[in-house]
Amino acid sequence: MDIQITQKESAGAERHLEVSIPAEAVQAAEERTARRYASQARLPGFRPGKAPAAMVRKRFATEIRQDTLQTLVQEAYQQVMAQEKLEPITQPHIHDLKFEAGEPLTFTFHFEVRPEITLEKVEGFSVERPSSEVTEEMVQQQLDALRDQKASWAPVEEKPAPGDMVTVELATADEDGTMPAGKEYRITIGQQQAIPGIEELIMEAAPGQTVERAVKWPDDFPDEAQRGASKLSRVTVKEVKRKTAPVMDDAFARELGDFDSVDALTAAVREDLQANATREADAETRAKLLDAIIDANQFEIPPSWVKQLTQSYAQAYQIPEADHDRFAQEFRAIAERQVRRDMVVDSLAKQHGLSATEADVDEEVQTMAQARNVDPGQIYAALQKANRLNEIEHGITERKVFDWLKARNTLG
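Just so it is clear, the structure is predicted and the values come from calculations on it, not from any experiment.

Quick word on the overall build of the protein
Now for step 1: Within the protein one finds twelve helices and eleven strands.
Now for step 2: Reported as C-alpha extents along the three principal axes, the dimensions of the protein are approximately 100 × 65 × 45 Å.
Now for step 3: Relative to its full complement of 412 residues, the protein shows a buried share of 33%.
Now for step 4: For the protein, the share of sequence-separated contacts (at least 6 apart) that also reach a separation of at least 24 residues comes to 63%.
Now for step 5: Carbon together with sulfur atoms contributes 46% to the accessible area of the protein, which is approximately 25,600 Å² in total.

What about the packing of helix α8 (residues 303-316) against helix α9 (residues 324-351)?
Now for step 1: Here α8 crosses α9 at 120°, and the two axes come no closer than 8 Å. Our classification of the angle between α8 and α9 gives oblique. Our pair here, α8 against α9, has a crossing hand that is right-handed. For the pair α8 and α9, contact is made by Trp305, Val306, Leu309, Thr310, Tyr313 and Ala314 and by His324, Phe327, Ala328, Phe331, Arg332, Ala335, Glu336, Gln338, Val339 and Met343, respectively.
Now for step 2: Class assignment for the residues of the contact of α8 with α9 results in eleven nonpolar, three polar and two charged.

Some points on the sheet that holds strand β2 (residues 14-21)
Now for step 1: Taken together, four strands build an open sheet; the order of strands is β1-β2-β4-β3 and the sheet is antiparallel. Each of the sheet's edge strands pairs with one partner strand only, and the pair in question is β1 (4-7) and β3 (93-98). For this sheet the average axis-to-axis angle between neighbouring strands, irrespective of direction, equals 20°.
Now for step 2: Bridge count between β3 and strand β4 (residues 105-112): four bridges; the pairing is antiparallel.

Structural notes on helix α10 (residues 358-372)
Now for step 1: Between its first and last C-alpha atoms α10 spans 21 Å; for 15 residues at 1.5 Å apiece the expected length is 21 Å, and the two agree.
Now for step 2: Turning to α10, its buried residues are Asp360, Val361, Val365, Met368 and Ala369.
Now for step 3: Taken together, the buried residues of α10 touch α11 (376-385) and α12 (389-406).
Now for step 4: Among the residues trailing α10, Asn373 stands out with phi positive, at a value near 60°.

Comments concerning the UniProt feature "domain: Trigger factor C-terminal" (unreviewed entry) in the protein
Now for step 1: The feature "domain: Trigger factor C-terminal" (unreviewed entry), as given by UniProt, occupies residues 261-406 in the numbering adopted here.
Now for step 2: Helix makes up 82% of residues 261-406 and strand 0%. Its end C-alpha atoms lie 40 Å apart.

Regarding the environment of Lys216
Now for step 1: Within the secondary structure, Lys216 is located in strand β9 (residues 210-216).
Now for step 2: Given the relative accessible area of 53%, Lys216 is considered exposed.
Now for step 3: Distance in space between the C-alpha atoms of Lys216 and Gln226 is 9.4 Å, their sequence separation being ten residues.
Now for step 4: Beyond its immediate sequence surroundings of up to four residues, Lys216 is in contact with Ile195, Gly228, Ala229 and Ser230.

Analysis parameters
- Residues numbered from 1 in each chain as written.
- Predicted model: local features only at pLDDT ≥ 70, side-chain atom pairs only at ≥ 80, totals over all residues.
- Heavy atoms only, no water.
- Helix = DSSP H or I, 4+ residues; strand = E, 2+ residues; numbered from the N terminus.
- Buried < 20%, exposed > 50% of the residue type's maximum accessible area, 1.4 Å probe, protein only.
- Contact = heavy atoms within 4.5 Å.
- Areas by Shrake-Rupley, 256 points an atom, 1.4 Å probe, with all protein chains shown as cover.
- Axes fitted to C-alpha atoms, helices over the stretch in contact; angles between N-to-C directions.
- Parallel < 35°, antiparallel > 145°, perpendicular 65-115°, else oblique.
- Left-handed = near helix turned anticlockwise from the far one by under 90°.
- Nonpolar A, V, L, I, M, F, W, Y, C, P; charged D, E, K, R; others polar.
- Pairing = 2+ DSSP bridges.
- Expected span 1.5 Å × (residues − 1).
- UniProt positions renumbered as here; feature names shortened; annotations may be inferred.

Dropping the structure here:
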């Protein structure tokens with residue numbers, strides 16, 4: 001189709017292309033559409049496809065015109081993309097449409113294209129790598145957390161202490177001094193589930209005892225009207241439960257998994273912590289290096305990608321729809337930074353042949369399968385079902401790009 005394409009003023013990834021289709025091409029397309037309608041039309045008194053063409057044109061004038069317009073726009077879009085060698089990343093919007101009888105069809109395509117960025121400086125940066133050292137204190141904290149997960153709760157006939165779980169009946173006097181019936185609560189002391197004054201009151205009573213005195217509300221209490229107020233409060237302690245953690249011995253280690261001793265468990269914990277610390281240090285270093293490259297290479301980013309990422313995070317954080325606009329404004333800077341980082345990784349991967357291959361993905365799946373002691377096919381099927389294969393591929397590409405950058409920059 002003989003069409004005229006004029007590129008209007010565009011910025012960044014956005015494109016505005018004005019298209020003009022000659023009147024004779026429009027007329028020819030309309031004729032083809034009319035003939036198609038005539039061959040299929042069903043009108044009273046005529047067999048299918050035998051109604052007079054003039055009658056069909058009159059009866060289906062609006063439909064013929066609309067179908068013609070849709071066909072011409074679709075064909076023009078395909079031709080524009082091929083002729084201009086563009087890679088759109090958004091669906092086109094049509095603006096300034098003019099479709100008058102006997103006149104050329106004119107309109108403007110508005111869409112975004114995948115930007116080709118030029119990174120002039122990607123070497124010679126110096127980035128400080130955070131420490132990935134795992135201390136004995138960190139190992140002990142993790143072991144204590146494992147003990148805490150296996151801890152049991154048992155009733156005690158003592159006044160509660162920090163860490164104890166209590167069941168209490170709590171009442172606070174009204175403004176006129178009337179003490180209402182108490183309500184039952186379950187509270188873990190020291191977890192800020194009650195204001196400090198109430199927790200102190202609770203710890204004054206053993207199970208079955210009741211204590212009553214004035215309690216001062218905190219100066220930073222959420223309800224401004226109650227800040228600093230002193231209220232007569234009554235607490236009846238019904239039950240106190242205390243947590244008892246198991247002894248850290250070889251039997252406990254065997255209970256947690258395939259560990260024949262505390263030493264084996266400790267070694268496994270240290271190894272896991274070290275692997276996690278290394279991953280976090282790598283991620284932070286990678287982010288710092290990419291930020292340095294971004295600051296040294298200015299380029300435009302597609303607004304649609306920023307919007308898409310913002311919407312994804314809003315959905316992940318379960319932001320109410322009414323708050324989406326506010327969230328988008330607050331999150332915009334972070335989303336823009338992430339889009340820039342992704343664009344740098346993508347550009348370097350394409351330029352230097354660092355994109356993940358099918359063999360890379362297969363190897364990654366194999367490694368995951370070995371770690372979980374399952375068949376690789378199960379892992380692959382699960383990733384495919386969860387639409388996570390692209391995530392795996394992107395992660396591999398990121399690592400390959402990072403390795404390429406590490407060889408050309410100083411990571412202290």
